[in-house]
Amino acid sequence: MTTSTQAPTDDPLPGLVGFTVVLRNAGLAITTDRTAAFLSALDALDVTSRMQTYWAGRLTLCSDPDDLPRYDRAFEDWFTPPQGGRTQITDHRQPPPKLAALTPAQEEGESEEDGRSEPVIRARASGTEVLRNRDFGDLTPAEREHLRRLIALLQPELPSRSSRRLRPSRHGDTDARATLRAILHNQGELRELHHHDHSRRPRKVVLLVDVSGSMEPYADALLRFAHVVVRRSPGAVEAFTLGTRLTRITRELRMRDPERALAAASKAIPDWSGGTRLGEVLRAFVDRWGQRGAARRAVVVVFSDGWERGETDLLAQQMARLRRLAHRLVWVNPHAGKEGYAPVQGGIVAALPYLDDLLAGHSLATLEQLLEVVRHA
């Protein structure tokens, strides 16, 4: 059906991101990296040029020759207004807010002798890279909404590990039994050697998100990030919140819709924006979940600024226990990416000797870096 959109706004980012969503619905393999490359290209080019916008998308969003016809149709539907001046698209799903319509206008510096006028976008380029690197705590409501859409576009690749189970493979060790069976089947003739190798299975990932008062500016974005990771592999990812008590929110974050998932998680968290007792809460996690298998050979990620109201010695003891269980232990501190930061908070000082990585987590760019660390763990 034909769906009309709201009036154009001065900010083109919702429309550019919405265009990538339409392409993904059309069957193109649109990843977060491709979306970021598309937006970065438009930052470097002239976003008011229809031709430059077209080629920026074609070169960054298309990965197969079969994508080109679908890309052309989507671009024409998305950026070309029909009669009446209102931008329309043809799609069976409700689209997100769109970019300002393309309308014929002569670009600045265009030759009048040429006699041609190139359609332009009536909007100015937005600082997409600036938004990706902006601190979550400094965003306006409109920027937060844009960021939520970008987080929803993340496609994390979780780590894997070798299992004991063997499977047929073109490489690896020689499978003597399979080779012998093939010889017997071929009346004693050896035609080829069979091989086998250890199969791969997802490595468990545990996300521990601090929702205390000092982490309130970052909690919404971090829980949305946790939702994306849980949805990617519901059977291999566990999510908990840390405050004055431990709360498991894995079941709530398995919901498909992020708004419903976060609403359910908020209802389940009794200590939102309260105090922080990291040592006691981590002890509860290790006792109830970690030692029973959740943290064994897993990638454990703690999201916290390290402000500890309890005993730091207790926190150090629990981090040592967690270190012995986990395959990799990562601490994500939203303040670690700020200029002049030093790990002097009591909780960070106590945890630092047991960490494999201390990362920043204050922006979308730093969360993408975290995904790379987890992927290669």
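This text follows the structure it describes.
Small disclaimer: the values here were computed from a predicted structure and weren't measured. (Residues numbered from 1 in each chain as written. Predicted model: local features only at pLDDT ≥ 70, side-chain atom pairs only at ≥ 80, totals over all residues. Heavy atoms only, no water.)

Novice: Got a minute to help me understand the overall build of the protein in this structure?
Specialist: Check the secondary structure of the protein and you find 14 helices and 13 strands. Within the protein, buried positions represent 48% of all 377 residues. Across the protein, every contact between residues at least 6 apart in sequence was considered, and the portion connecting residues at least 24 apart equals 72%. Just so you have it, the protein exposes about 19,400 Å², and 47% of that area is on carbon and sulfur atoms. (Helix = DSSP H or I, 4+ residues; strand = E, 2+ residues; numbered from the N terminus. Buried < 20%, exposed > 50% of the residue type's maximum accessible area, 1.4 Å probe, protein only. Contact = heavy atoms within 4.5 Å. Areas by Shrake-Rupley, 256 points an atom, 1.4 Å probe, with all protein chains shown as cover.)

Novice: What am I meant to see in empty space enclosed by the protein here?
Specialist: A probe matching the size of a water molecule, rolled over the atoms, marks out where space remains unfilled. In the structure shown here, the tally under the stated rule is four cavities of 30 Å³ or more. Here the largest cavity is characterised by a volume of approximately 60 Å³. Taken together, Thr32, Thr35, Ala36, Leu39, Arg132, Leu150, Leu153, Leu364 and Glu368 make up the full set of residues lining the largest cavity. Contributing elements (two or more residues each) for the lining of the largest cavity: helix H2 (32–44) and helix H14 (364–375). (1 Å grid on protein atoms, 1.4 Å probe; cavity = no way out; pocket = protein on both sides within 12 Å on 5 of 7 lines; lining within 4 Å. Points joined across faces, edges and corners; volume = space filled by probe spheres on them.)

Novice: Looking at this structure, how should I read H14?
Specialist: Owing to its 3.6 residues per turn, the α-helix aligns residues three or four sequence positions apart on the same side. With 12 residues, H14 should cover 16 Å at 1.5 Å per step; its first-to-last C-alpha distance of 16 Å lies within 8% of that length. All of the buried residues in H14 are Leu364, Ala365, Thr366, Leu367, Glu368, Leu370, Leu371 and Val374. (Expected span 1.5 Å × (residues − 1).)

Novice: Could you clarify how one ought to interpret the sheet that holds strand E13 (residues 357–360) in this entry?
Specialist: Adjacent strands of a sheet form backbone hydrogen bonds with each other and so pair up, either parallel or antiparallel. Strand order in the open sheet made by the six strands is E10-E9-E8-E11-E12-E13, with mixed pairing throughout. Two strands in the sheet have a free side with no partner beyond their single neighbour: strand E10 (246–248) and E13. Strand after strand, the sheet turns through a mean of 20° between neighbouring axes, direction not considered. In this structure, strand E8 (residues 205–210) lies alongside strand E9 (residues 237–242), joined through six bridges in parallel fashion. The residue bridging Leu207 from the neighbouring strand is Ala239, located in E9. Strands in contact with H14 are E8, strand E11 (299–303), strand E12 (328–333) and E13; relative to E11, the strand with the most contacts, it is inclined by about 160°. (Pairing = 2+ DSSP bridges. Axes fitted to C-alpha atoms, helices over the stretch in contact; angles between N-to-C directions.)

Novice: Even after reading the chapter, I still don't get the pairing of E13, so can you show me in this structure?
Specialist: In regular strands, side chains alternate between the two faces of the sheet. Examined bridge by bridge, E12 and E13 share four bridges and lie parallel to one another. The residue bridging Asn333 from the neighbouring strand is Ala360, located in E13. Crossover connection from E12 via helix H13 (residues 346–351) to parallel E13: handedness right-handed. (Right-handed = clockwise from strand over helix to strand, strands pointing away.)

Novice: Any chance you could explain the packing of aromatic side chains here in plain terms?
Specialist: Any aromatic ring pair is given by two values, namely how distant the centres are and how the planes are angled relative to each other. Scanning the model with the defined rule gives 13 aromatic pairs in all. Plain terms: the ring middles of Phe19 and Trp78 are 6.5 Å apart, the flat faces sit at 35° to each other, and that makes the pair tilted. Note that Phe19 is positioned in helix H1 (residues 13–25) and Trp78 in helix H4 (residues 67–79), a separation of 59 residues in sequence. The pair formed by Phe19 and Trp78 is uniform in burial state, with each residue classed as buried. Relative to Tyr71, the ring of Tyr54 lies with its centre 5.4 Å away and its plane at 55°, an arrangement referred to as tilted. Here Tyr54 is found in helix H3 (residues 50–61), whereas its partner Tyr71 is found in helix H4, with 17 residues between them in sequence. Overall, the relative accessible area of 17% leaves Tyr54 in the buried class. Tyr71 gets classed as buried once you look at its relative accessible area, which sits at 0%. Among the aromatic residues, those joined into a ring-pair cluster are Phe19, Phe38, Tyr54, Trp55, Tyr71, Phe75, Trp78 and Phe79. (Phe/Tyr/Trp six-rings, centres within 6.5 Å; stacked < 30°, edge-to-face > 60°.)

Novice: When you look at helix H12 (residues 312–325) in this model, what are you seeing that I'm missing?
Specialist: Between its first and last C-alpha, H12 extends 20 Å over 14 residues, near the 20 Å set by a 1.5 Å rise per residue. Taken together, the buried positions of H12 are Leu314, Leu315, Ala316, Gln318, Met319, Ala320, Arg321, Leu322 and Leu325. Against the buried residues of H12 lie helix H11 (278–294), E11, E12 and H13.

Novice: Please explain the packing of helix H6 (residues 141–152) against helix H8 (residues 216–232) as it appears in this structure.
Specialist: When two helices pack together, their arrangement is given by the angle between the helix axes and by the axis-to-axis distance. Here H6 crosses H8 at 25°, and the two axes come no closer than 9 Å. Judged on the interaxial angle alone, H8 and H6 are roughly parallel. Classified by chirality, the crossing of H8 by H6 is right-handed. For the pair H6 and H8, the contacting residues are Arg144, Arg148, Ile151 and Ala152 in the first and Pro217, Asp220, Ala221, Arg224, Phe225 and Val228 in the second. Partitioning the contact of H6 with H8 into residue classes produces six nonpolar, no polar and four charged. (Parallel < 35°, antiparallel > 145°, perpendicular 65-115°, else oblique. Left-handed = near helix turned anticlockwise from the far one by under 90°. Nonpolar A, V, L, I, M, F, W, Y, C, P; charged D, E, K, R; others polar.)

Novice: Is there a simple way to think about the pattern of salt bridges in this case?
Specialist: Oppositely charged side chains can pair when the atoms bearing their charge come close. The full count for this structure, using the stated rule, is 15 salt bridges. Note that Arg70 and Asp67 form a salt bridge whose closest N and O atoms lie 3.0 Å from each other. Of this pair, Arg70 and Asp67 are both found in helix H4, three residues apart, which corresponds to roughly one turn of the helix. Classification of Arg70 as partly exposed rests on a relative accessible area of 26%. Judged by relative accessible area, Asp67 falls into the buried class, the value being 4%. Residues Glu368 and Arg132 are paired through a salt bridge, measuring 2.1 Å at the closest nitrogen-oxygen approach. Within this pair, whereas Glu368 is found in helix H14, its partner Arg132 is found in helix H5 (residues 128–133), the two being separated by 236 residues in sequence. Here the two residues Glu368 and Arg132 agree in accessibility, since each one is buried. Residues joined in a network through salt bridges with shared partners are Glu145, Arg148, Arg149, Asp220, Arg224 and Glu259. (Salt bridge = Lys/Arg side-chain N within 4 Å of Asp/Glu carboxyl O.)

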